[in-house]
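# Architecture and fold: a report
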Amino acid sequence: MFRNLVGALALLAAAGCGGVPLDEQPPVRYDIDGQWVLNAELSDPPPNTRQIMARADRDFAEGRIGLPSGGALAFVTQDFPVLEAKSMVIEQDNDSMGIRYDTGVYRDVSWGDRKRGLWEVSAGWLEGDLVILSRATDATGRETFRLSENGQTLVVLVEANSDGEKLVAERIFERVPAR
């Protein structure tokens, strides 16, 4: 059920990390601070890393890829914890946000350009959406956080590309009312 958005992937490939000018100032009405729960019915399922690796092994065995990558995309997806999350708590301020996923992973995202492990990361706003662009030697990623008009739904679109393998997944979260 992963959406193959060729246009979005072309934009991702053209953009890289530095090609798209991201605004580092959050829009006034963009507030994702709080607790969010996955709407599994409307979301794409998490990627099946075993299936990705098996497909890569099969493609190599059949001569469709030149190097035994072993499913590099499967490893890349580990750096996008929102793909597996069923819930998350976001703390947002003017400079950054922290995301605590139910999987036990905590992630800090600062607006602007940063280095995170093997990734060069640019985070900011483009046309009202929070966009996080990630680039490593052999992989790219783009996370787009789109907040609904009423602020109650957060759509997270993840696009990743590694060793010619592409993944596009949409995860939809609903805001948990504050107590």
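Everything that follows concerns the structure shown earlier in this document.
### What to know about the overall build of the protein chain
Helices and strands together make up the secondary structure of the protein chain, namely three helices and 10 strands. Secondary structure elements in the protein chain, listed N-terminal to C-terminal, are α-β-α-α-β-β-β-β-β-β-β-β-β. A fraction of 53% describes how many contacts in the protein chain between residues 6 or more apart in sequence connect residues 24 or more apart. Accessible surface, the protein chain: about 9700 Å² in total, of which carbon and sulfur atoms supply 50%.

### So, the packing of aromatic side chains
As enumerated under the stated definition, the model contains three aromatic pairs in all. When the ring of Y30 is compared with that of W125, the centres are 5.7 Å apart and the planes differ by 80 degrees; the resulting orientation is edge-to-face. Of this pair, Y30 sits in the loop between α1 (6-15) and β1 (34-38) while W125 sits in strand β6 (residues 119-126); the two residues are 95 residues apart in sequence, bridging distant segments of the chain. Comparing Y30 with W125, the two get one shared label, buried.

### With respect to the nonpolar core
Counting residues in hydrophobic clusters, the biggest one holds 32 residues, and the most contacted among them are I32, M88, M97, F145, L154 and F173. Residue assignment for this core shows that the elements contributing at least two residues are β1, β2 (87-92), β3 (96-101), β6, β7 (129-136), β8 (139-147), β9 (153-162) and β10 (165-175). Every residue in contact with M97, bar those within four places of it in the chain, is listed here: I32, I90, E91, Q92, R107, D108, V109, W111, L130, I132 and F145.

### Remarks on the pairing of β1
In the sheet, β1 pairs with β2 via four bridges, with the strands oriented antiparallel. Pairing of Q35 across the sheet is with V89, part of β2. Pairing of β1 with β10, which is carried by three bridges, proceeds in the antiparallel orientation. Bridge assignment links L38 to a residue of β10, and that residue is F173.

### What about the layout of surface pockets?
Of the pockets and cavities examined, the largest pocket occupies roughly 220 Å³. Lining the largest pocket we find P27, R29, Y30, D31, G128, D129, L147, S148, E149, G151 and R175.

Reading the values: the criteria
- Residues numbered from 1 in each chain as written.
- Predicted model: local features only at pLDDT ≥ 70, side-chain atom pairs only at ≥ 80, totals over all residues.
- Heavy atoms only, no water.
- Helix = DSSP H or I, 4+ residues; strand = E, 2+ residues; numbered from the N terminus.
- Contact = heavy atoms within 4.5 Å.
- Areas by Shrake-Rupley, 256 points an atom, 1.4 Å probe, with all protein chains shown as cover.
- Phe/Tyr/Trp six-rings, centres within 6.5 Å; stacked < 30°, edge-to-face > 60°.
- Buried < 20%, exposed > 50% of the residue type's maximum accessible area, 1.4 Å probe, protein only.
- Core = buried A, V, L, I, M, F, W, Y, C linked by side-chain atoms within 4.5 Å.
- Pairing = 2+ DSSP bridges.
- 1 Å grid on protein atoms, 1.4 Å probe; cavity = no way out; pocket = protein on both sides within 12 Å on 5 of 7 lines; lining within 4 Å.
- Points joined across faces, edges and corners; volume = space filled by probe spheres on them.

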